[in-house]
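Architecture and fold: a report
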Amino acid sequence: MIQIKLTNIDFEYDIQSLTKAFFPKEDITFDNQKEAERVLEVSYDKKQIGISFNENGVPILVKSDTVENEERRNKKNVLKRLLYSVLSEVANRTLQWGTLTGIRPTKLAMEKLEQKEAIDEIETFMHEQYLCGKEKTDLCMDIVTREYRILEEIDYKNGYSIYIGIPFCPSTCLYCSFASYSLEKFSNLVDDYVEALFKEIEYAKNACPNKRLTTVYLGGGTPTTLNEQQLERLLIKVHKELDFTYVKEFTVEAGRPDSITREKLRILKEQGVTRISINPQTMKQETLDLIGRKHTVDQIREAFAMAREEGHNNINMDIIIGLPGECKEDVQNTLKEIDILSPDSLTVHTLAIKRAANLNIYKDQYKGLEAKDVSGMLDVCFKYTKGANYQPYYLYRQKNMAENLENIGYARDGKEGIYNILIMEEKQTILALGAGAASKFVFPDGYRIERAENVKSVTDYIARVDEMIARKEKVLSENAEQLR
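So, here is what we can say about the structure in this document. Chains are numbered independently. Their residues run from 1 in the order of the written sequence. Residues qualify for local features only when their pLDDT is at least 70, as the model is predicted, and side-chain atom pairs are given and counted only at 80 or more; totals for whole chains, interfaces and linings, by contrast, use all residues. The basis for every side-chain value is the complete set of non-hydrogen atoms in the structure, without hydrogens or water.

Quick look at the overall build of the protein
The helix count covers DSSP runs of H or I at least four residues long, the strand count covers runs of E at least two residues long, and both are numbered beginning at the N terminus. The secondary structure content of the protein amounts to 17 helices and 18 strands. What the globule rule says is 2.2 Å times the number of residues to the power 0.38, and the radius of gyration is computed from C-alpha atoms. Whereas a compact globule of 484 residues would reach a radius of gyration of roughly 23 Å, the protein reaches 23 Å, a difference of no more than 12%. The dimensions of the protein, computed from C-alpha atoms along their principal axes, are 70 × 55 × 45 Å. Categorising residues by exposure relies on relative accessible area from a 1.4 Å probe, with only protein chains included: less than 20% of the type maximum marks a residue as buried, more than 50% marks it as exposed, and the intermediate range marks it as partly exposed. By the burial criterion, 55% of the 484 residues in the protein qualify as buried. Residues are treated as being in contact if the distance between any of their heavy atoms lies within 4.5 Å. Looking at the protein alone, contacts between residues at least 24 apart form 72% of all its contacts between residues at least 6 apart.

Some thoughts on the layout of surface pockets
Roughly 590 Å³ of internal volume is contained in the second largest pocket. Both site types are read off a 1 Å grid over the protein atoms alone. A 1.4 Å probe that fits but cannot get out defines a cavity, while an open set with protein on both sides within 12 Å along at least five of seven lines defines a pocket; lining residues have an atom within 4 Å of a point. In this structure, the second largest pocket is lined by 26 residues; those nearest its centre are Glu114, Tyr156, Lys157, Lys427 and Pro444. Looking at the lining of the second largest pocket, the elements with two or more residues in it are helix H3 (105–114), helix H5 (134–152) and helix H17 (480–483). Top element by residues in the lining of the second largest pocket is H3. It accounts for four residues. Throughout this entry, Asp, Glu, Lys and Arg are counted as charged residues, while Ala, Val, Leu, Ile, Met, Phe, Trp, Tyr, Cys and Pro are counted as nonpolar. The remaining residues, Gly among them, count as polar. Residues that form the lining of the second largest pocket fall into these classes: nine nonpolar, six polar and 11 charged. Grid points are joined across faces, edges and corners, and a volume is the space filled by probe spheres set on the points.

Looking at the pattern of salt bridges
For this document, the term salt bridge refers to a Lys or Arg side-chain nitrogen within 4 Å of an Asp or Glu carboxyl oxygen. Under the defined criterion, the tally for this structure stands at 37 salt bridges. With its nearest N and O atoms 2.7 Å apart, the salt bridge here joins glutamate 406 to lysine 136. Linking glutamate 406 in the loop between strand S14 (391–396) and strand S15 (407–411) with lysine 136 in helix H5, this pair joins segments that are 270 residues apart in sequence. Taken as a pair, glutamate 406 and lysine 136 share a single burial class, namely buried.

Considerations on the sheet that holds strand S4 (residues 48–55)
Within a sheet, neighbouring strands are paired by backbone hydrogen bonds and run either parallel or antiparallel to one another. As summarised here, the arrangement of the five strands in space is S2-S1-S3-S4-S5, forming an open sheet in which the pairing is mixed. The sheet is open, and its two borders are formed by strand S2 (28–29) and strand S5 (58–66), each paired with just one other strand. In this analysis, axes come from line fits to C-alpha atoms, helices being fitted only over the stretch in contact, and the angle between any two N-to-C directions falls in the range 0 to 180 degrees. Across the sheet, helix H1 (residues 12–22) touches strand S1 (2–6), S2 and strand S3 (38–44), and the angle it forms with S1 is around 155°. Along the sheet, helix H2 (residues 72–91) makes contact with S3, S4 and S5, crossing S5 at roughly 150°. At least two DSSP bridges between two strands are needed for those strands to be called paired.

Some words on H1
Regarding H1, the residues found buried are Asp14, Ile15, Ser17, Leu18, Thr19, Ala21 and Phe22. The inward-facing, buried residues of H1 contact S1, S2, S3 and H2.

So, the packing of aromatic side chains
Only the six-membered ring of Trp is used, alongside the rings of Phe and Tyr, when aromatic pairs are assigned; centres must lie within 6.5 Å, and planes under 30 degrees apart are stacked while those over 60 apart are edge-to-face, with the rest tilted. All told, the structure shown has 12 aromatic pairs when counted by the stated rule. Judged by centre distance (5.0 Å) and plane angle (50°), the rings of tyrosine 393 and tyrosine 394 are tilted. For the pair formed by tyrosine 393 and tyrosine 394, the shared burial category is buried. Members of the aromatic cluster, joined through ring pairs, are Tyr163, Tyr217 and Tyr419. Positioned above the aromatic ring of phenylalanine 125 is the side chain of lysine 112, whose terminal nitrogen or guanidinium carbon lies 4.2 Å from the ring centre. Just above the ring of tyrosine 246 sits the side chain of arginine 212; from NZ or CZ to the centre is 3.9 Å. In this scheme, the term charge over a ring applies when either NZ of a lysine or CZ of an arginine sits within 6 Å of the ring centre and within 35 degrees of the ring normal.

Section: the nonpolar core
A general feature of soluble globular proteins is that nonpolar side chains tend to end up buried together. Working definition of a nonpolar core: buried Ala, Val, Leu, Ile, Met, Phe, Trp, Tyr and Cys residues. They are joined through side-chain atoms within 4.5 Å. The biggest cluster of nonpolar side chains holds 114 residues, and the ones touching the most others in it are Met126, Ile162, Ile164, Leu197, Leu234, Ile278 and Tyr461. The element best represented in this core is helix H7 (residues 190–204), accounting for nine residues. Formed by 25 residues, the second largest nonpolar core is a distinct cluster that contains Ile49, Val78, Leu79 and Leu82.

Things to note about the pairing of S3
Counting buried positions along S3 yields five of seven residues, so the element is predominantly enclosed. Bridge count for S1 against S3 is five bridges, and the pairing is parallel. Bridged to leucine 6 within S3 is valine 42. In the sheet, S3 pairs with S4 via seven bridges, with the strands oriented antiparallel. Residue pairing across strands places serine 43 opposite glycine 50, the latter belonging to S4. The hairpin formed by S3 and S4 contains three residues between the paired strands.

Digging into the environment of glycine 98
Position of glycine 98 relative to the elements: it lies in the loop between H2 and H3. Glycine 98 sits 31 residues away from glutamine 129 along the chain, and the two C-alpha atoms are 9.2 Å apart.

Here we look at unusual backbone geometry
With an omega of 15°, the peptide bond between glycine 220 and glycine 221 qualifies as cis. Mapped onto the secondary structure, glycine 221 falls in the loop between strand S9 (212–220) and helix H8 (228–241). Positioned with a positive phi, lysine 116 is a non-glycine residue whose angle comes to about 65°. Mapping lysine 116 onto the fold places it in the loop between H3 and helix H4 (119–130). Positive phi, close to 70°, is recorded for asparagine 389, a residue that is not glycine.

Re helix H14 (residues 374–387)
With 14 residues, H14 extends 20 Å between its outermost C-alpha atoms, agreeing within 8% with the 20 Å of an ideal straight helix rising 1.5 Å per residue. Among the residues making up H14, those that are buried are Val374, Gly376, Met377, Leu378, Val380, Cys381, Tyr384 and Thr385. Residue asparagine 389 follows H14 closely and has a positive phi angle near 70°. Expected helix span is taken as 1.5 Å per residue step, with the number of steps being one fewer than the number of residues.

Here's what the structure looks like:
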């Protein structure tokens, strides 16, 4: 355990996140009532920052720095660089992403690119300000320049997008912490849930009257856990209520192969869905069984083949590296199987074990199954995608990711997921509908962002859907001139 003692709590989250990045298996606490062998002391005022790392009450490393520019972002960066220096020396390691611990490392580079700064200047900025290594800086710039080109082709500044959440799944995966409910246990609520969702969709059609709808994303959970009649009713309702005149992309996460039927694939195609996901996570059957995926490798192949036969020409597949018990050879085999299918895009997730996931709650049951060399797995994916003509086009990070790595979306040219770019770079307002969905209102300056969250419980959502609508309307009405 590492205890952190602060004289000022302004940057508490940043200090905790960076410390956790260096010591991922340690408990990090601010509780001064607990005794700890290792204590990190951080003191800072307007001009001076001091950091001491102590073991058994003895300082083993002490460093300080001065703050010349008191602007908050600059002060935070000075503190994090100094903290990085201390932790790197104590842990005897470096981090590929340097001091960056946030979800969107590409957003910083995108801001610079939009200001027409040169690529080499942005690369220097990423290295000097955030201590990013060359490999991650190059990856960041590759993605940002591609995102910038895609965004230039759409009128995203005058648009908004809609996310519709279906919080039901065939089963709960071991690593999942999303708002998802087993269809076996909650099937009696699905029809009522869809009816409540209709009310939010009806509200959403007039929520932003002066903006054009850019993308629609149906996610979850697993939307294709809806039966054929429910799925068709929902998609017809979406098209009836929303103006698709300027929509660039309509995505549905088909997700779990055991939820896919030929009839559902036909319905998706008939209702104008332009992009779907069929997500194996791994092509190793033993791992699928372990993590609670109730489908087989053969079902993945069969679902993908059916989707192609029904005319779907923009199919994404998700895989996760760092799954329990897997090694680099397992990832290589998964990629070999996926190469045969040849999806249009491939999203590579690095396992992030959230607090509410069963893999964390029952972690003692899975001791000894930790994945080895996750960085090596990511390198295998990078080499494969490059050779298979996939280009990285979006990137994000999460807390508690294996080896402090990242999630990367790869796609063949013209098959990039536009919604993914818009939400990760926070480029426009996303109206989010459904249980557990969080709307994000992006103001014109690109810096101010407000959220309105829906309740996670399905029963609460059904009973309180009018309140969920009111939460969004409150933000929009209070900022009508800027957001409408």
